[in-house]
Amino acid sequence: MTRPAPVLRPLIIGPHQVWPPVVLAPMAGITNVGFRQLCREQGGGIYVCEMITTIALVQRNPKTLRMIAFGADERPRSLQLYGTDPEVTAAAVRIVVERDLADHIDLNFGCPVPKVTRRGGGSALPWRRRLFARLVRAAVDAASPAGVPVTVKMRKGIDDDHLTYVEAGLAAQDAGVAAVALHGRTAAQRYSGTADWDAIATLKQALDVPVLGNGDIWEADDALRMVAHTGVDGVVVGRGCLGRPWLFADLEAAFDGRSERRLPTLGEVAVTMRRHAELLVDQFTAGSRTPSRGERDGCTDFRKHVAWYLKGFPVGSDLRRELAMIESLAQLDDLLGKLDAAEPFSVATLGQPRGRTNSPGKVFLPEGWLASRDDDTVPEGAELDDSGG
């Protein structure tokens, strides 16, 4: 099989040169410090922590402060902020800068969930173009004295009748962002259908700053195809790595021009599962008063990953259920030992969607939201204090 040609230039995000040009998208409940370390052990890139809400950071919410955790060797430390108020966003960015909490800040304008859009946040906010521009500029102005680059991640728009991505990309560029990432779906699409790579190409042609493409990167060769199709400077990977952290090894090989791709046996997957659980236990133990509580919490957090790791493998429902109920590493070891280590990887799962999938749906918006694009009033009650999503 002929593979697309590799990209030979690093991704430039302010002072940071990133190779390969790959970004792990922030995912609620997933991209904690343990999961990011697991992925970083596979290959290079930028690994973004779970989304942090600006109001929770400004209010010094204990849970939020605990979520801002990075490995000792994790560079650049990448943090995504969600906010709707320019003043609150600027205050949050100043905290990040003054306390040296991160080396890179990304702003979330891509979230399509109703609890966010009905308040005018996430993927709804770019429709209010003056508010959007004001918020982005406030973040850039607060971060720039310390040399911390700010990027934005967004969707095409609210729906096909209310597209905003080119105008918003230009506004973000004018505000001084270091890069723009586009998920090639509208908020109305949620995670359904096919990502519009043509829209990503259009944005790349419109901007001078680096553009990253997001959507339907299930395999490393999808990333090469996206770059060839759109000309983007890098790719953002989300659901494709769920239960497959070795995707980042494949991505590094692909961008280096190497042909090897990992097809781990079930035994090799079990080793990765054990490493993942161990890292989560270490993470939760570090933040716990007792090791036993940390182990239990880490194993509980791992449970959600079991189905993704075992996708396509012939593992019985009883064993799957037991693995998804573990409370200790010893229990995990016992159950992993019951797997058929020689079972080959299911190639039928390659290129298939992973994680969250759903149908298109109505985008819930504040009353009168679509009536005026130039109203830069901050929506009442728009700030969320629940970091992570």
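Residues numbered from 1 in each chain as written. Predicted model: local features only at pLDDT ≥ 70, side-chain atom pairs only at ≥ 80, totals over all residues. Heavy atoms only, no water.

Chemist: Is there a simple way to explain the pattern of salt bridges in this structure?
Modeler: Where charged atoms from two side chains of opposite charge approach closely, those side chains can pair. Tallied over the full model, the rule gives 29 salt bridges. A salt bridge links Asp375 to Arg128; the shortest N-O distance between them is 3.5 Å. Of the two residues, Asp375 is situated in the segment after helix 15 (329-336) and Arg128 in the loop between helix 5 (114-117) and helix 6 (129-143); the sequence distance between them amounts to 247 residues. Relative accessible area serves as the criterion here: at 27%, Asp375 is assigned to the partly exposed category. Judged by relative accessible area, Arg128 falls into the buried class, the value being 6%. Across the pair Glu260 and Arg258 runs a salt bridge, and its minimum N-O distance is 2.3 Å. For Arg258, a relative accessible area of 32% translates into the label partly exposed. (Salt bridge = Lys/Arg side-chain N within 4 Å of Asp/Glu carboxyl O. Helix = DSSP H or I, 4+ residues; strand = E, 2+ residues; numbered from the N terminus. Buried < 20%, exposed > 50% of the residue type's maximum accessible area, 1.4 Å probe, protein only.)

Chemist: Is there a simple way to think about the domain arrangement of the chain in this case?
Modeler: Accessible area lost upon the coming together of the parts is a frequently used measure of interface size. When its domains are assigned, the chain resolves into domain 1 (11-256) and domain 2 (266-349). Between domain 1 and domain 2, the C-alpha centre-to-centre distance is 29 Å. Counting residues at the interface gives 15 residues for domain 1 and 14 residues for domain 2. Carbon and sulfur atoms supply 67% of the area that domain 1 and domain 2 bury against each other, a total of about 1,200 Å² over both sides. Between Glu41 and Arg275 there is a salt bridge, and its shortest N-O distance comes to 2.5 Å. Joining domain 1 to domain 2, the criterion identifies four residue pairs in polar contact (both at pLDDT 80 or more). Class assignment of the residues belonging to the side of domain 1 that touches domain 2 gives a composition of seven nonpolar, five polar and three charged. (Domains from an automatic or database assignment. Contact = heavy atoms within 4.5 Å. Buried area = accessible area lost by both parts, 1.4 Å probe. Polar contact = N/O pair within 3.5 Å; in protein donor to acceptor, adjacent residues only side chain to side chain. Nonpolar A, V, L, I, M, F, W, Y, C, P; charged D, E, K, R; others polar.)

Chemist: Looking at this structure, I do not really get the UniProt feature "active site" (unreviewed entry) in the chain. What am I missing?
Modeler: The UniProt entry lists Cys111 under the feature "active site" (unreviewed entry), expressed in the numbering used here. Assignment of secondary structure puts Cys111 in the loop between strand 7 (104-109) and helix 5. Residue class for Cys111 comes out buried when judged on its relative accessible area of 19%. (UniProt positions renumbered as here; feature names shortened; annotations may be inferred.)

Chemist: Sorry, what's going on with the packing of aromatic side chains here?
Modeler: In this description, a pair of aromatic rings is defined by centroid distance and the angle of the planes. Within the structure shown, the criterion is met by six aromatic pairs. On the basis of an interplanar angle of 85° and a centroid distance of 6.3 Å, the ring pair of Trp246 and Phe345 is categorised as edge-to-face. One end of the pair, Trp246, is in the loop between strand 11 (234-237) and helix 10 (247-255); the other, Phe345, is in the segment after helix 15, with 99 residues separating them in the sequence. Across the pair, exposure class does not vary: Trp246 and Phe345 are buried alike. Both rings, one in Phe313 and one in Phe345, keep their centres 5.8 Å apart while their planes meet at 85°; by these two values the pair is edge-to-face. Placement of the pair is Phe313 in the loop between helix 13 (306-309) and helix 14 (317-323) and Phe345 in the segment after helix 15, with a sequence separation of 32 residues. You'll find Phe313 and Phe345 in the same group, each marked buried. What links up through ring pairs into an aromatic cluster is the set Trp246, Phe313 and Phe345. Above the face of the Trp127 ring, Arg373 is positioned so that its terminal group lies 4.3 Å from the ring centre. (Phe/Tyr/Trp six-rings, centres within 6.5 Å; stacked < 30°, edge-to-face > 60°. Lys NZ or Arg CZ within 6 Å of the ring centre and 35° of its normal.)

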